Amino acid sequence: MSRVYNFSAGPAMLPEEVLRKAADEMLEYGTSGQSVMEMSHRSKEYQAIIDATEEKLRKIMEIPDNYKVLFLQGGASSQFAMVPLNLMTKNGKADYVITGQWATKAYKEGSRYGEARVVASSKDKTFSYIPELTKDMFDPEADYVHICQNNTIYGTKYAALPDVGDVPLISDMSSCILSEPVDVSKFGVIYAGAQKNMGPAGLTVVIIREDLIGHAKDFTPTMFNYQTHADNGSMFNTPPTYGIYILKLVLEWIEGKGGLTAMKEINEKKAAMLYDFLDNSKMFKATVQGKDRSLMNIPFVTGKDELDAKFVAESKKAGFVNLKGHRSVGGMRASIYNAMPVEGVEKLVAFMKNFESENA
Ligand SMILES: *Cc1c(COP(=O)(O)O)cnc(C)c1O
């Protein structure tokens, strides 16, 4: 077997221990005589799995009791609509901070359902920074403020949360959830597609403050109403059963590593290794500078398209895959989520050093 180091932005690497455990349990989960994939979501065995997953997530993220955890489908992209459909209902307006493609898509979707306003944008410099945000920039009458906390494509993240007063803060955490501790009580809604840091594609996790549930617009499709899922323990219809099970294994793995404080330490160590190399290299350069740098997604360039292409091709041959940057930025991007081992980053840096000296 030769597993590669996969630097994909998502779907991304999963911890090898998780995949092995899932493989061991593939044909028979416990004494159930069946795979988790084959189980009725209404069975006792499956109920125990989804309950344990929620309990572990609550424990690891220290989710307060007045928040619901929902296991949904439709990806983070469906949340771009679910958030306004459910929340843009008091004053019919919301504030958006535009820090990249996902934030822009969320804003565009929000605009379909009410008065969405751009508070600030970093488009002027290809989204290579997070705009300065002060409290007076936000509308105190807005139904919510939406941010994309870690910008997967551009490699930025909020070094600090904006002060939005009493307005609920909604965060797309698709590419940073579980990478470090967060104070859930600072948010109205946290949502994330699972395929970056939580598990396989097909599962979307929503963490929502209870008082924000139950105010959806009349025409909201039943499946897009948070209340539907909150009232039914994410079992109004068939939930993404296998994805939830894998998330449970991922959470157990995180627990075994020491929880989110330990995750943060490891992630900082991995990111520092790569950024330090980039900052001292004569060939490679990080596209994001300073405090807004992401721990999870690190874009970099050589400045020459042919050299970028050569690097991507040669790195692939050496077992480092999916390093090609997003089509809108070019260059390269190393996504180093929780599951990327320290050793993977060490080896990548060694490979880059070697490439630099050979192509100087
Ligand atoms: C990947 C990603 C999305 C899109 O997720 P889907 O599950 O494909 O809809 C949205 N926001 C961020 C920050 C992402 O990284």
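How each quantity is defined
Residues numbered from 1 in each chain as written. Predicted model: local features only at pLDDT ≥ 70, side-chain atom pairs only at ≥ 80, totals over all residues. Heavy atoms only, no water. Phe/Tyr/Trp six-rings, centres within 6.5 Å; stacked < 30°, edge-to-face > 60°. Helix = DSSP H or I, 4+ residues; strand = E, 2+ residues; numbered from the N terminus. Buried < 20%, exposed > 50% of the residue type's maximum accessible area, 1.4 Å probe, protein only. Lys NZ or Arg CZ within 6 Å of the ring centre and 35° of its normal. Pairing = 2+ DSSP bridges. Domains from an automatic or database assignment. Contact = heavy atoms within 4.5 Å. Buried area = accessible area lost by both parts, 1.4 Å probe. Salt bridge = Lys/Arg side-chain N within 4 Å of Asp/Glu carboxyl O. Nonpolar A, V, L, I, M, F, W, Y, C, P; charged D, E, K, R; others polar. Polar contact = N/O pair within 3.5 Å; in protein donor to acceptor, adjacent residues only side chain to side chain. Right-handed = clockwise from strand over helix to strand, strands pointing away.

Asks: I tried to follow the packing of aromatic side chains on my own but got confused; where do I start?
Replies: For any pair of aromatic rings, the description consists of the separation of the ring centres together with the inter-plane angle of the planes. Taken as a whole and judged by the stated rule, the model has 18 aromatic pairs. Plain terms: the ring middles of Phe 7 and Phe 320 are 6.3 Å apart, the flat faces sit at 45° to each other, and that makes the pair tilted. You can see Phe 7 sitting in the loop between β1 (5-6) and α1 (16-24) and its partner Phe 320 sitting in strand β13 (residues 320-321), a full 313 residues away along the chain. The same class applies to Phe 7 and to Phe 320, which are both buried. For the pair Phe 311 and Phe 355, a centre-to-centre distance of 5.2 Å together with 85° between the ring planes defines the contact as edge-to-face. Separated by 44 residues along the polypeptide, Phe 311 in helix α8 (residues 305-317) and Phe 355 in helix α9 (residues 342-358) bring together distant segments of the chain. Ring-pair connections join several aromatic residues into one group, and the members of that group are Tyr 5, Phe 7, Phe 277, Phe 284, Phe 300, Phe 311, Phe 320, Phe 351 and Phe 355. The cationic tip of Lys 125 hangs over the ring face of Tyr 129; the distance from NZ or CZ to the ring centre is 5.7 Å.

Asks: I'm lost on the pairing of strand β9 (residues 189-193) in this one. Help?
Replies: If a strand is regular, its side chains alternate between the two faces of the sheet. Buried residues dominate β9, accounting for 5 of its 5 residues. Burial along β9 is two-sided: Val 189, Tyr 191 and Gly 193 facing one way and Ile 190 and Ala 192 facing the other are all buried. Two elements, strand β8 (residues 169-172) and β9, share 3 bridges in a ladder whose sense is parallel. Residue pairing across strands places Asp 172 opposite Tyr 191, the latter belonging to β9. Judged from the 5 bridges that link them, β9 and strand β10 (residues 204-209) form a sheet pairing that is antiparallel. Its bridge partner being in β10, Val 189 is matched across the sheet by Ile 208.

Asks: I tried to follow the domain arrangement of the protein chain on my own but got confused; where do I start?
Replies: Partitioning the protein chain into structural domains gives domain 1 (16-256) and domain 2 (258-359). Just the C-alpha atoms count here: the centres of domain 1 and domain 2 sit 27 Å apart. At the junction of the two partners, domain 1 supplies 27 residues and domain 2 supplies 25 residues. Overall, the association of domain 1 and domain 2 removes approximately 2200 Å² of surface from exposure, summing both partners, and the carbon and sulfur fraction of that is 56%. Per-residue buried area on domain 1 facing domain 2 is highest for Ile 153, Gly 155 and Ser 179; these three make up 20% of the total on that side. Linking domain 1 with domain 2 are 1 salt bridge. Elements supplying a minimum of two residues to the side of domain 1 that touches domain 2: α2 (44-61), β7 (156-157) and α6 (241-257). With 4 residues, α6 is the largest single contributor of residues to the side of domain 1 that touches domain 2. When the residues that make up the side of domain 1 that touches domain 2 are grouped by side-chain class, the tally is 12 nonpolar, 10 polar and 5 charged.

Asks: How should unusual backbone geometry be read in this particular structure?
Replies: Residue Gly 10 is joined to Pro 11 through a cis peptide bond whose omega torsion reads -10°. Residue placement: Pro 11 occurs in the loop between β1 and α1. Although it is not a glycine, Glu 62 sits at a positive phi angle of roughly 50°. We classify Glu 62 as exposed; its relative accessible area is 66%. At Asn 322, a position not held by glycine, the phi torsion is positive, near 65°. Residue placement: Asn 322 occurs in the loop between β13 and β14 (332-335).

Asks: Looking at this model, I keep getting lost on the environment of Asn 86. Mind explaining?
Replies: Inspection of the secondary structure assignment puts Asn 86 in helix α3 (residues 75-87). Separated by 39 residues in the primary sequence, Asn 86 and Gln 47 place their C-alpha atoms 27 Å from one another. Setting aside residues no more than four positions away along its own chain, Asn 86 makes contact with Leu 212, His 215, Ala 216, Phe 224, Asn 225 and Tyr 226. A distance of 2.8 Å separates a polar atom in the side chain of Asn 86 from the backbone oxygen of Met 82.

Asks: Can you walk me through the pairing of strand β3 (residues 93-98) in this structure?
Replies: The buried count for β3 comes to 5 of 6 residues, which makes it a mostly enclosed element. Sheet topology places β3 next to strand β4 (residues 115-121); 6 bridges connect them, and they run parallel. The partner of Ala 94 across the bridge, within β4, is Ala 116. Once the chain exits β3 it traverses helix α4 (residues 101-111) before rejoining the sheet at β4, and the crossover so formed is right-handed. For β3 and strand β5 (residues 145-148), the ladder comprises 2 bridges, and the chain directions are parallel. Looking at the pairing, Asp 95 lines up with Val 145 of β5.

Asks: Explain the environment of Met 13 to me, please; I cannot follow it from the model alone.
Replies: With respect to the helices and strands, the residue Met 13 is situated in the loop between β1 and α1. Judged by its relative accessible area of 14%, Met 13 falls in the buried class. Each C-alpha atom of the pair Met 13 and Met 88 lies 36 Å from the other, and the pair is 75 residues apart in sequence. The residues touching Met 13, leaving out its near neighbours within four places in the chain, are Val 4, Asn 6, Ala 339, Met 340 and Pro 341.

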